[in-house]
Every structure is written in structure tokens, then in C-alpha cells.
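Survey of secondary and tertiary structure
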Amino acid sequence: MILAAMLAVPFLGALGMLVPLPGSPRRVTRLARLYGLAVSGVTLVLAVAAAAAFDYGRRGAQLGVNVPWAKSIGLRFHLGVDGISLPLVVLTAALTFLCMVYTARALPVPAGSRGGSPQALIGLVLLLEVGMLGTFVALDLLLFFVFFEVVLIPMYFVIADWGGSGKDAAPRARAAANKFILYTLLGSGFLLVGILIVAVNAHTLDMTALTARHGAGLSHGLQVAAFGLLALGFAVKTPMWPLHTWLPDAHTEAPTIGSVLLAGVLLKMGTYGFVRIAVPMAPEGAKVWAPWLGLLAVIGIVYGALACLAQRELKRMIAYSSIGHMGFVLLGIATLTPVGLNAALFGNIAHGLITGLLFFLAGAIKERYGTGDLDALGGGMLAKAPYLASILTFAAVASMGLPGLAGFWGEMLALLGAYEPHSGLPRPTFITFMAVGGLGAVLTAAYFLRLLSRVTHGPVAERWRTARFADVRSHELLAWTPLITATLFIGLWPKTLLALTDGAVRLLLGAR
Amino acid sequence: MIVVAAVAVVLPFAAALVGMLFGHTVSHLLSPLARRVRKPAPGTARRGALVLARRMPANGPALIAVVPVAVSTVLTAVLAVDQLRHPASHVGTLTRVPTGTVEITLSLQVDGLASVVALLVCCVALAVQIYSVAYMRDDPRYSSYAAFVSLFTAAMLLVVLSGDLLVLYVGWEVMGICSYFLIGHYWHDRATSRAAVKAFLVTRLGDVGFLFGIFVLGLAAHSFQIREIIGRVGVMPHTALLAGTLLLLCGVAGKSAQFPLHTWLPDAMAGPTPISALIHAATMVAAGVYVVARLYPAFFFAPASLAVLGVIAAISMLGAALAALAQEDLKRVLAYSTISQLAYMAAGLAVGARDGAVFHLLAHGAFKALLFLGAGCVIVTVGSNLMSAMGGLRLAMPVTFWSMTVGFAALAGIPPASGFFSKDTILSQAWKAAHDRGTPSAGGWYASTPLTTRPAPQGQAVVLTWTVKPRHMMGAPVPHIPSWVAWLVLVTGLLTVVITAAYATRTWLVTFFGERRSAVRAREATPLMRWPVAALAVPALILGFFGLGSAELRPEWGMAVISLLCAAAGAGGVYVVWNNDPALDPVRLLGPLRPVLRAAFYLDTVYDVTIVRPVRALARLVVHADERVVDAGVEGSGRGARRLGGLLRATENGNAQAYVSGLFAGVVLIVVAVVVLT
């Protein structure tokens, strides 16, 4: 029941925001913020309670809710968590809460004359949370798809109505939002067909049953087709090269909390779908497609890194860095081994924490300097705002995969998986992928160090010398400290996550 | 003992965290106390330790930095003494981390090699921390500086004491990032920032190979634990062993600044001088050599890797020594000399002198840290890194002069300083390897005896677990490397002795003798800086005699005489040239070669042209292609759909006549079709 409550609270909360609040605009804003903080706080408490109630000795799905919903098509309201989804659920609830904390002082203002009230924004973010949490706890294929799609609409409005900055903010934000929703809807079309192929031929929508079957009952050809379609759908969301071009635009235009949730949670829904649905339900198809998936993944790693190396805009650069990091996650999935999937799940969480933090920082920098252009920023941030620059340095170093911080383990295990992929896959090919991925890791370090060198080092640029702005503020520190602590903690003690995912992943793959 | 080792590692780490977050808070808390102490009782002399006692308590960051390292030094000394009395290998495991394949074990391994190197690390770190209190006194960011030095110390101790290769790798990379931060301490200077980035990226490039080497060895041995891997080298497939060790060498070359990945080290001298002493001379750069020594049985059974190591070492040894000869900057002389001396250690490992290499590592750690810290004193006094500004400092700075004289003697291999003994061990082992042509020896320290059999984890029938027993025999065993490699090592080694003596003499003479070249009034550095230098002179001088107890490390007279003659030739040559005109730099004799050597054979330019610029061009190409090709495809499909819609819309024009005509035409078509087709 705890899971149902965890979905119900933000859902009812979002509905509650439809009721007009009384009082002056300022009062409404304050009330809306407090409301969002409270609702997402309760949701976080419920997510943590779920983690506490979770039996860590068992591998399968737990805390289930399973009631019929639409009997005629066999749809059931089936929820549950296991070692794969639990960390993502906690991450989602925590990031949403931290976004609310951040919003409590710095609410994005709709640019231009667009009518976005703070009340609407809070409601949309809560609705977004329902979709994200639901995707991770759904155990019915159609229900999964519903939640997967629910996410798109609030995100569309968040980007379109609160996004953009500077000149012609409104049309640019609108264009980015359009691209985001059309592109991902196109992917969802493929995804739906793939889901239907699996469901119709296996005569069930129950994900636990389908996983336990490991593709039995689906012919080879069907599995190849199903995996291809499912992968296409998830790859757009992840995003995988070359289906990534919606991401930089959406990230650049989205408001800070939009970017944080987009990078921190939405991208994970794609890779989660790979791990939860595509790989276990069509394993034969996965074996056929895996080398191609691996190839596109390593291209993504190197391509993303190179694109970052010549990028001029801060948020755009972080967006491209996501493509590289998700490449490592996809490479882990492509190996079809327990270690590879563990890597993918670890990489998901690490990327959520670190890139979430990076987007928070990018937002804070843009807010202070009024620009994200690296040339305009100049340098010397360590002199101008030492704490901000230090946290940026921490986040960049974590993101480049420094051992001892969260980013390392996902990357390292993905490469380890590629060294010894599933026995049905061509090993020399994957060893090549490993080598290229390793070079990508060097390039990743290169662009982050270039960023630090350009922005934090050097003398303060002339135009900023007299400018005055605050260093890290308290609400920012409140929102960031948990992310920093978590990055450090799971980096130093990776067992927290690996012990959790390893059993579930082995069950998924039918391994020992 | 494992607990002691764990505490020794964790203490500096905790110090780093606390120092980074609360360094100044501690200062504030302590200041009332300090004010009371600082008021001197009438009649007390303001000297040495008392000044120290008065200044320390107010300085929170310094206290947080120095005390934990001091405790760690004591703890590692306990470890080393324990190992001396009862040599044994202890392994302690905290936990095992599942990965889906081979587990990672969070474990420490304490043995003779590890404990003695850990002691070196702590001693140098302690000396550097104390020295830094004075050296960085006026630096506003001393707190973060000291915290990073503590973090570095913890990471290096982790590398030294780790029992698992992946845990070692964690320490290995954390050292790299600390090196980055500390080189870039003076970040407002763009050149310094670039040097820091370069140092990190070049070593990271090697580290990727290192990580892959760990994968290869770990999966072949079904364990990442060092003990297990060493135990299974005999039963591992030879290709895996060869590939794994060769890949490890990438990381070794990066960290230990060996050709072709050495170019970062001279630039790293942009960092504060105590950092150069700690990280870029005594400890981090020695980590590569240490890892090879730690995994020596694996390399021993893969002689081709050792041969590669020998060739790399020979090139680095001679090339760097030549480059050192022509440098103008005192720190860069020492940097190139570090590359060259590390190459000695690598060469020693290549020809089978493991103990000799570790001996040289220890000796070098002492005398090079001494030279750097001494150079720091000189630089602070003179106010410049350039040797053209020094000269004649002998009388003004007696403590620094005599300490550095010991350091230079050890560097050049002049007895009785430590460098003479350790270098001689390596050279005589090279001589032996050149002649023995790999005769398998009856047994040495690596002699393996099968101990137990245990079921293999991955379903193989039975894997023998071997144990490595240290056993002191006459001389070390010789690996099966080709004899030309041993000859190469020997000949370049002796040539390098000549050049090393030459540049050591030149630097010594130009810095301390002759005319004063700068107007600054030279005087001795502060006691906090002076005394760590003097303290390091003791091991630099006498460490060599500790080797006399072991047959393997005892000097062999033939080789000793030859290398002494070589050193005398180098030193004497420079002295004669210098004596002609003490005001001039003796390197002027090199003539047209001088700029080539000073630029270290233009390797940086070559890398810039062949690697850095193409990558940048590629990056710009990718950004361009992403907008013009990939994204244009997406946008194009959107526009295409809209245009297609526009075409179809043309028929929906609201003209009733057109609709009726269309309707009529359709009816006609259908009728015709029905008539024709039926």
C-alpha cells in the first residue's frame, strides 16, 4: 500500500493546486511554495519508508499492490519495487523534494508575457513526480506505458512556459518544448508497438511473469522485432546517439528545476526500460541487437565528449556530457551481463545525483552572471565566488568519473562488463568498445578540466570585476548538500547500491 | 597490524575532510588559547621550538594537517618495525563488494615492502607539512592546500597498503586529482592552470591502460586481490599475463613519468615547491615503480613486459638526464632528474633487481625531497626559479648548502651518500643479467612452493594456490629478458651516471659558488623550513649503509669502481669547464645542442601537433556536424512533414465547385474501373 500512497500523495497534491488560492499574488506564491515543499516532503518520507520496509534479503518485487483495473483488456494496477527500482524511486522523490527546496527561494519567473503562475508550476512538478515514480514502480506493461507518457505533458509546459532566457525567450523555449514532446512521442509510438507485440504473443501484461519467462513463448523473429521497437522507444528517451538532438535544446531552454529533473530522472526512464523490459522479455532479440547497441553507445561516449570539448554554452555542455554518460550506461546494458546491468543501474543513480547537481550549479551561475556563455563568463570564479566555484569543481570531478566518488563505479563496471560480455556476444568487438570507451573517459576528463580551467581559474574578467553577487546562498546549500553527500557516500561505499541491485539483476537475467 | 595500517590511512583522510570544511573554525576556537601561550614569559629566548609552539596553536589548518600525519608516521613506523622483526604478509578484509562478476574486496595488505614504503611516504609527508606551514604562511588558501596534501597522503598510503587492485586504483586516481589541485594551487595564472590540466590528462591516459590491465589480470585470476593474483601467475594463461602486465605499464609510465608519457612532470613544477618535493619527487611518481615491485611475480613470468620496461627506462634515463643538463630553471633540472632517477628504478625492475629498485626508491625519496625542499629555500631567498639569478649562496645559507650538498652527492652517486649504494645494486644486477642470459636460478625471494589446493570459484577443477616466500639468497634471480635489453640498461645506465654527475655538479656550482648574481640580500630560510631539509639529509646520507646487511644490496666492487669513475668523469669535466670562468654557466659548451636539450627534444611540440590539435579540430567538427547533419535531419523531417501537409492542404481550398468536380471525377474513375476490371 505504501507505493500506492506514494503515488496518491503527489497526485492529489497536483489536483489540489487546481483550487485557486486566496490572497495577494505574493501570498499565493508563498503558499504554493510551502504547499509544494510539504507534498513532495511527504512523498519523500513515503519513499524512504518504502526503502525501510524493503526486505533486503529477497530478490523479487516487494511491497506489491495488484488489483484489476480494466478487466476487458487484462490491465491491472500492479505496483512493486525490487533492488532495481528502489534506488531510482528514492532518487526521484529526493530530487523532486530538493527542487522544491530550491524553488522555495528561487522560483523561475515565466519569461515574456507568458501566463505561468507559481501555483501551476508546483502542480505540474507534482504531476511530473507521479509519472516518474509510477514508471519505476509499475509492474504492468500498459500501466508502465501510461506513466511513461504522463511525464511528457507537465514537462512540456514546464519548458515552454517557464523556460528560456534573454532575447526571444518565449519562441525558443516553445520550439525546444515542441521538439522534446514530438521526438519522445515518436519514440513512444515504437515503444507501444513493441509492448503490444510482447503482450499479445505472451498473453499477459504482467511484467513479473514476462520476466520470469525469459522470452519463452516468443519466437526468435518476434523477439528481434520486439527488442528493436522497444529499444527504439527507450533509446530516444535515454538518449542514444544519433537520437539525442532534442536533449541539448530542451536542457538549454528549460528552467533550472526542469533541467535537474530532466537529467536526473527522465533520462533514467529510458535506461530503466531497457533493463526492466527490453532485455529480460526479449533476450534472444537482445543478443541480436546488443553489438549494435554497444556500437551506438561508444559512439555516443566519444561523440558526446568531443561535442563538449568545443561547446561554448554551459548548460549545453552539461547536456552533451549526459549523452556521454548515458553511453556508458547503454554500454553496460549492451553487455547483457550482471556486471553490465549493475553498471547501468549504478551509472543511472550516479548520473542523477551528479548531473542534477551540475544543472543546479549551471542555473545558479546563469542567475548570477546572466549568461551561460563560457567566453562571457571569462574566468576567476574561484576568486569571485569561491564556494560556488568549489562546488562546481567537486561536481565536475565527480562527473568525470573520479574513483571514490559516485561517477566512477558505473563507468568502471560498464568497461569491465565489456571486457567479458555475455557468452553469446562477439568478445573482440566488445573489447574494442571497451578500449574506445576508455578513451572516451579521458576525453570526458579533458572537457571537464577545460571547463574548470576556463571558468574557475585565471584572473577575473574585466566586466565582472566590479559586479557584485552573492556566493552560495542558504537555500542553494540546502538543496545541494544532500546531493554532494550522497555522491561522496556511494562513491566511498559502493556496496550500498551494488548489494541492492546485484541480486535483482541476476534474477532478471536468470543467472545464478 | 591491519588495524594499525587502516588507522594510518584513515587519519590523513579524516584530516583532509575536517581541514577542508572546518580549518578556519578550528583557528577561531583556538585563538583565545593561543593568545595566552603567545605572551612570552620575560627572559625566555625566542628560539626554534618555542617559536613553533607559540605559532602553531593559532593555526587551525596547520594543526589539523600536521598532527594526523605525525600519528600516521608513528603507526607506519610500528608496522615497519614489526615487519623487521617478524616478516610476514598480513591481509585484512573489511568487506566484499559484489559486482556481478569478480568481487572487489576492501582489504589492506601489510608486508615488508608495503610497510617500508608507507614509512617513507609518511616521513616525507610530515616533513613537507611542517615545511609548508612556513612556506605557505602568507597564502590565503593555505587551509585547502594543507587539506589536499592530507588527502594525497591518505591516497598514497592506500595505494601502498591496499590488498586489492581496484582499491589500489581508487587511491591511484585520487592521488592524480590531488596532484591536479595542488599543481593548480596558483590558479590565477593561466599557465599554471594549463600545467595542472596537462598533468592530469597525460596520467589519466596511462591510467585507462592501467585499469584495463587490472581487468585482464583480475578476470584471469578470478580475483582482484593482489595476493590471489600473485598466487596464480603460474597457472594463468600466458597471453593474459603478458597483456595484463603490458597494460599496467601504461599506467606506470604515466604516473612515474616515463617516456612517452613523461611530458607532464617538468610542467608540473608550476605548483608550490613543497608539492614538487612530496608528489612529484618522492611519492606519487614512485607509485608506478612501487606497483611493479608489488606485482613483481606477474612481471617476472612475463619477461617480454620487463623487456619493454627496460627499453622505456633506458630512453627515459638518458633523455631526461640530457634534458636536465640544459635547463635554466632549478626546479626543472630537478624534475628531469626525477624522470631519470625513476627510470633507474624501472631499469632495475627490468633486470631483476627488485630489491635494488625499491632501495633506490627509498634513497631517491629522501634525497630528492631534500633537494626540492632545499631548492624551495633557495627560491624563496632569491625570489626566482632561474639559476642565472642564484650563485654564491654557500656562505649565506650554510644549512641549506650542506644539506643540498649531501643531496647532490646522493644524486650523482658519490659515496658514502645513499644514491651510490642503490644505483650500484641496479647496475651490477644489469651486468649479471647481461651475462646470465636468463639462466633460471635455483630459487630466490620469489621461490614459490605450492601450499594448498582449493576449488576454483569459476568451475575449473583445481587451482593451485601459491605463496611467495621471501628468502635471502646470494644475489637476485634474473628474469628471462633478452640479453640485449640488459646490455642496453647497463650501457645507458653508465652513460647516465656520467651525465647525472655532470648536471648535479653544474647545478651545485652555479647555485652555491661563484659570484652573487642577484641584488637580494640572501639569508637562511626560517627554521620551520630549514630543519626539515636538514632532517632529510640524515637518511639521504646514511640510508645506503642499511643495505650492507643484505647480500643482495651490498655493493659489488667491480661495478662500484666503474660507476665511480664515470661519475668522476662527469663531475670533473664540468668542474674544469666551470673553473675556467666561474661567472659563466658551464653548459655553454653544448653549443647548438643546448636549445634542443632545453626543449627536451621538442616532444611537447610533437604531441601538440599530432594529438592535441587534431582532437580539437575533431571536436569542432563534431559540434558542426551535430547542428548541420544530425539535428538538421531531425528538423528537416519536421519541415518535410509540414510541407507534405501543405501539399495535401492545397486540395482543401473551400471551393465547392472543385469538391464537386473531384467527386464526379472519382465516380467516373470507379465506374471505369468496375467496367474494365470485371
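Scoring rules and cut-offs
- Residues numbered from 1 in each chain as written.
- Chains lettered and ligands numbered in written order.
- Predicted model: local features only at pLDDT ≥ 70, side-chain atom pairs only at ≥ 80, totals over all residues.
- Heavy atoms only, no water.
- Helix = DSSP H or I, 4+ residues; strand = E, 2+ residues; numbered from the N terminus.
- Rg over C-alpha atoms; globule rule 2.2 N^0.38 Å.
- Buried < 20%, exposed > 50% of the residue type's maximum accessible area, 1.4 Å probe, protein only.
- Contact = heavy atoms within 4.5 Å.
- Areas by Shrake-Rupley, 256 points an atom, 1.4 Å probe, with all protein chains shown as cover.
- Lys, Arg positive; Asp, Glu negative; His and termini not counted.
- Charge placed at Lys NZ, Arg CZ, Asp CG, Glu CD.
- Polar contact = N/O pair within 3.5 Å; in protein donor to acceptor, adjacent residues only side chain to side chain.
- Buried area = accessible area lost by both parts, 1.4 Å probe.
- Salt bridge = Lys/Arg side-chain N within 4 Å of Asp/Glu carboxyl O.
- Nonpolar A, V, L, I, M, F, W, Y, C, P; charged D, E, K, R; others polar.
- Core = buried A, V, L, I, M, F, W, Y, C linked by side-chain atoms within 4.5 Å.
- Phe/Tyr/Trp six-rings, centres within 6.5 Å; stacked < 30°, edge-to-face > 60°.
- Axes fitted to C-alpha atoms, helices over the stretch in contact; angles between N-to-C directions.
- Parallel < 35°, antiparallel > 145°, perpendicular 65-115°, else oblique.
- Patch = residues over 30% accessible without salt bridge, like charges linked within 9 Å, V, L, I, M, F, W, Y side chains within 5 Å.
- Pairing = 2+ DSSP bridges.

Observations concerning the overall build of chain A
Along chain A, the regular secondary structure elements total 21 helices and two strands. In terms of C-alpha radius of gyration, chain A reaches 22 Å, essentially the compact-globule figure of 24 Å for 512 residues. Its C-alpha atoms give chain A principal-axis dimensions of about 70 × 55 × 40 Å. In chain A, which comprises 512 residues, the share counted as buried stands at 67%. Counting only contacts in chain A whose residues sit at least 6 apart along the sequence, the fraction spanning at least 24 positions is 82%. Of the roughly 16300 Å² of accessible surface on chain A, 68% is carried by carbon and sulfur atoms. Averaging the coordinates of the 35 positive side-chain charges in chain A and doing the same for the 21 negative ones gives two points 4 Å apart.

Quick word on the overall build of chain B
Summing up its helical and strand segments, chain B has 24 helices and four strands in all. Looking at chain B as a whole, 57% of its 678 residues are labelled buried. Residue pairs at least 24 apart in sequence account for 79% of intrachain contacts in chain B once pairs closer than 6 positions are excluded. Taken as a whole, chain B presents about 27300 Å² of accessible surface, with 69% of it coming from carbon and sulfur.

As for the environment of A:Thr456
Secondary-structure assignment places A:Thr456 in the loop between α19 (427-455) and α20 (474-492). The sequence separation of A:Thr456 and A:Gly327 amounts to 129 residues, and the corresponding C-alpha distance is 28 Å. Apart from the residues within four sequence positions on either side, A:Thr456 is in contact with A:Gly380, A:Met381, A:Leu382, A:Ala389, A:Leu392, A:Thr393, A:Leu451 and B:Trp187. Among the polar contacts listed, one links the side chain of A:Thr456 to the backbone oxygen of A:Leu452, at a separation of 2.6 Å.

Focus: the interface of chain B and chain A
The interface is formed by 47 residues belonging to chain B together with 61 residues belonging to chain A. Carbon and sulfur atoms make up 75% of the area that chain B and chain A hide from each other, which totals about 4500 Å². By the criterion of area lost to chain A, the three top residues of chain B are B:Trp187, B:Arg190 and B:Arg204, representing 14% of everything that side buries. Applying the counting rule to chain B against chain A returns two salt bridges. When the shortest N-O distance is used, the salt bridge between A:Lys179 and B:Asp631 registers 2.7 Å. Taken together, the links from chain B to chain A amount to 16 residue pairs in polar contact (both at pLDDT 80 or more). For the side of chain B that touches chain A, the elements supplying multiple residues, two or more each, are β1 (90-97), β2 (104-110), α6 (165-183), α7 (190-221) and α23 (603-649) of chain B. Residues of the side of chain B that touches chain A, tallied by class, amount to 33 nonpolar, six polar and eight charged.

Regarding the nonpolar core
With 413 residues, the main nonpolar core has A:Leu141, A:Phe180, A:Phe274, A:Ile333 and A:Trp480 as its most contacted residues. Considering every element that reaches this core, the biggest residue donor is helix α14 (residues 338-369) of chain A, with 19 residues. Discounting chain neighbours no more than four positions away, the residues touching A:Ile333 are A:Thr271, A:Phe274, A:Val275, A:Val279, A:Leu293, A:Gly340, A:Leu341 and A:Ala344. Ranked by size, the runner-up nonpolar core spans five residues in total, among them B:Phe359, B:Phe420, B:Leu553 and B:Ala560.

Re the packing of aromatic side chains
All names here are of chain A. Under the counting rule described, the total for this entry stands at 37 aromatic pairs over all chains. Ring centres of Trp69 and Phe77 lie 5.9 Å apart, and the angle between their planes is 90 degrees; on these two criteria the pair is classed as edge-to-face. A residue is classified by how much of its surface remains accessible, and Phe77, at 23% relative accessible area, is partly exposed. Consider the rings of Tyr369 and Trp464, whose centres lie 4.7 Å apart with planes at 80 degrees: the pair is edge-to-face. One end of the pair, Tyr369, is in helix α14; the other, Trp464, is in the loop between α19 and α20, with 95 residues separating them in the sequence. Taken as a pair, Tyr369 and Trp464 share a single burial class, namely buried.

Let's talk about the pattern of salt bridges
Where charged atoms from two side chains of opposite charge approach closely, those side chains can pair. For the structure on display, the rule yields 27 salt bridges over all chains. Between A:Lys179 and A:Asp249 there is a salt bridge, and its shortest N-O distance comes to 2.8 Å. Placement of the pair is A:Lys179 in helix α7 (residues 169-202) and A:Asp249 in helix α10 (residues 246-253), with a sequence separation of 70 residues. Classification of A:Asp249 by relative accessible area gives buried; the value is 19%. Between B:Asp608 and B:Arg613 there is a salt bridge, with its nearest N and O atoms 2.9 Å apart. A residue is classified by how much of its surface remains accessible, and B:Asp608, at 24% relative accessible area, is partly exposed. Each of the salt bridges in this network shares a partner with another, and the network as a whole consists of A:Lys179, A:Asp249, A:Arg316, B:Asp631 and B:Glu635.

Observations concerning the environment of B:Ser340
All names here are of chain B. As for its position among the elements, Ser340 is in helix α15 (residues 330-350). Measuring from C-alpha to C-alpha, the distance between Ser340 and Gln258 comes to 8.4 Å, with 82 residues separating the pair along the chain. For Ser340, the residues in contact, after removing those within four places along its chain, are Ser316, Met317, Ala320, Ala321, Thr496 and Tyr503.

Describing the packing of helix α3 (residues 85-103) of chain A against helix α4 (residues 118-137) of chain A
All names here are of chain A. Orientation of α3 relative to α4, taken along the N-to-C sense of each, is 170 degrees, at an axis distance of 9 Å. Overall, the two elements α3 and α4 adopt an arrangement that is roughly antiparallel. When α3 is examined against α4, the residues Ser85, Leu88, Val89, Thr92, Ala93, Thr96 and Met100 are found in contact with a partner set consisting of Ile122, Val125, Leu126, Glu129, Met132, Leu133, Phe136 and Val137. Residue composition of the contact of α3 with α4, grouped by class: eleven nonpolar, three polar and one charged.

Some thoughts on a nonpolar patch on the surface
All names here are of chain B. Together, Phe664, Val667, Val668, Val671, Val672, Val675, Val676 and Leu677 make up a nonpolar patch on the protein surface, roughly 800 Å² of accessible area in all. Tracing the backbone through its elements, the reader meets Val667 in helix α24 (residues 656-677). A residue is classified by how much of its surface remains accessible, and Val667, at 47% relative accessible area, is partly exposed.

Some remarks on the side chain of B:Thr263
Here B:Thr263 lies in the loop between α9 (238-255) and α10 (264-267). Setting aside anything within four residues of it in sequence, one finds B:Thr263 in contact with B:Lys198, B:Val202, B:Leu603, B:Asp604 and B:Tyr607.

A short note on unusual backbone geometry
For the peptide bond that leads from A:Thr238 to A:Pro239, omega is -10 degrees, which places it in the cis range. Checked against the element boundaries, A:Pro239 lands in the loop between α9 (220-237) and α10. With an omega of 0 degrees, the peptide bond running from A:Trp241 to A:Pro242 counts as cis. With respect to the helices, strands and loops of the structure, A:Pro242 is situated in the loop between α9 and α10. Non-glycine residue A:Leu336 carries a positive phi angle of around 60 degrees. Mapping A:Leu336 onto the fold places it in the loop between α13 (314-334) and α14. Since its relative accessible area comes to 8%, A:Leu336 is described here as buried. A positive phi angle, near 60 degrees, is found at B:His222, a position not held by glycine. Position of B:His222 relative to the elements: it lies in the loop between α7 and α8 (226-231). The class of B:His222 is partly exposed, set by a relative accessible area of 22%.

Structural notes on the pairing of strand β2 (residues 75-81) of chain A
All names here are of chain A. Counting buried positions over the seven residues of β2 gives five, a clear majority of the element. Relative to β2, strand β1 (residues 62-70) runs antiparallel, the two being bridged by six bridges. Opposite Asn66, over in β2, you have His78 as the bridge partner. The antiparallel pairing of β1 with β2 creates a hairpin that spans four residues between the two strands, and Gly74 there sits at a positive phi of about 75 degrees.

Here's the deal with the packing of helix α1 (residues 2-16) of chain A against helix α2 (residues 25-53) of chain A
Residue and element names in this part refer to chain A. It is the contact of α1 with α2, at a shortest axis distance of 9 Å, that shows an interaxial angle of 175 degrees. With respect to α2, the element α1 is oriented roughly antiparallel. Mapping the contact onto sequence places Ile2, Leu3, Ala5, Met6, Val9, Pro10, Leu12, Gly13 and Gly16 in α1 and Tyr35, Val39, Val42, Thr43, Leu46, Ala47, Ala49 and Ala50 in α2. For the contact of α1 with α2, the class distribution of residues is 14 nonpolar, three polar and no charged.

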